[in-house]
Amino acid sequence: MGYEAAFRIWRGDVDGGDLQDYTVEVNEGEVVLDILHRLQATQTPDLAVRWNCKAGKCGSCSAEVNGRPRLTCMTRMSVFDPNETVTVTPMRTFPIIRDLVTDVSFNYAKAREIPSFTPPADLAPGEYRMQQVDVQRSQEFRKCIECFLCQNVCHVVRDHEENKEAFAGPRFFIRLAELEMHPLDVADRRDAAQDEDGLGLCNITKCCTEVCPENIHITDNAIIPMKERVAGRRYDPIVWLGNKLFRR
Ligand code: SF4
Ligand code: F3S
Ligand code: FES
């Protein structure tokens, strides 16, 4: 059964903006992105919305719906009461471009700072051999669709522009963990994780895990094991001595 829903959407650009109210038709089975598209088609042709796959796989349509970071293409209208006003705002952690579209280039800059996969020098492409059991742990992290909802929600940078320089964020902690747990990656990423990527600034609030649309256990399976590896290296006296004597 269709109904008319009250929507409140942030409209504006880098110079400022505000929430604007709309009444828009909703039909059975629709998601928030459908409603944004209907608004574009009927009332607000200039509404800026980023999207691509409409299947929860490209990570483009991230926004905040009633204050919660979500993929708008995977947020069913049926989760809201028909009498409730649905408020859609852009991701708060990233600079506004226009309306619901933010500039997420911070994340690409952080991605470039992480040294890429480093196989043993004597192994040529095509000679990589791995057991499934050895790749299982890090495989979970490959599900990331780079929606950056975890980056958006993390309190370390959410209202703290000043921390962005020193903090890579949860998306890149899973990238570090993925490489650190990779059976053929020979780079040691533990010092860089702490000193350059700000692993120590994470105090395990788990907000990132709660919003991940791929249900990646960011905190438990990536961040905490990385913290343990860093701690083991730095504070275990035997490890410390070994590092002093035989540091790679
Ligand atoms: Fe999105 Fe999850 Fe990847 Fe973060 S880890 S960017 S929330 S898919
Ligand atoms: Fe931020 Fe996730 Fe750590 S939300 S503080 S990176 S557990
Ligand atoms: Fe691709 Fe939503 S449009 S994830």
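An account of the accompanying structure is given in this report. (Residues numbered from 1 in each chain as written. Chains lettered and ligands numbered in written order. Predicted model: local features only at pLDDT ≥ 70, side-chain atom pairs only at ≥ 80, totals over all residues.)

### A few points about the pairing of strand β2 (residues 16–26)
To keep things clear, this is the line we draw: Note on pairing: two strands pair once DSSP finds at least 2 bridges between them. Working definition: helices are DSSP H or I runs of at least four residues, strands are E runs of at least two. Numbering for both runs from the N terminus.
Relative to β2, strand β1 (residues 3–13) is paired through 11 bridges, and the arrangement is antiparallel. Following the sheet pairing, D13 is matched in β2 by G16. Once β1 ends, the chain turns through two residues before running back antiparallel as β2.

### Comments concerning the site of ligand 1
Here is the rule we go by: Using the backbone to place each C-beta atom, any residue with that atom within 6 Å of a molecule or strand is considered near it. Polarity classes work like this: nonpolar for Ala, Val, Leu, Ile, Met, Phe, Trp, Tyr, Cys and Pro, charged for Asp, Glu, Lys and Arg, and polar for all others, with Gly in that last group.
For ligand 1, the set of nearby residues contains 16 residues, the closest of which are C144, C147, C150, R171 and C212. Contributing elements (two or more residues each) for the shell around ligand 1: α4 (149–153) and α6 (170–180). Ranked by the residues each element gives to the shell around ligand 1, the list is headed by α6, at three residues. When grouped by side-chain class, the residues that make up the shell around ligand 1 number 13 nonpolar, no polar and three charged.

### Some points on the site of ligand 2
All residues adjacent to ligand 2 are C154, V156, P170, C202, N203, I204, T205, K206, C207, C208, T219 and I223. Of all the secondary structure elements, the ones that give two or more residues to the shell around ligand 2 are α8 (207–211) and α9 (218–235). Tallied by class, the residues present in the shell around ligand 2 amount to eight nonpolar, three polar and one charged.

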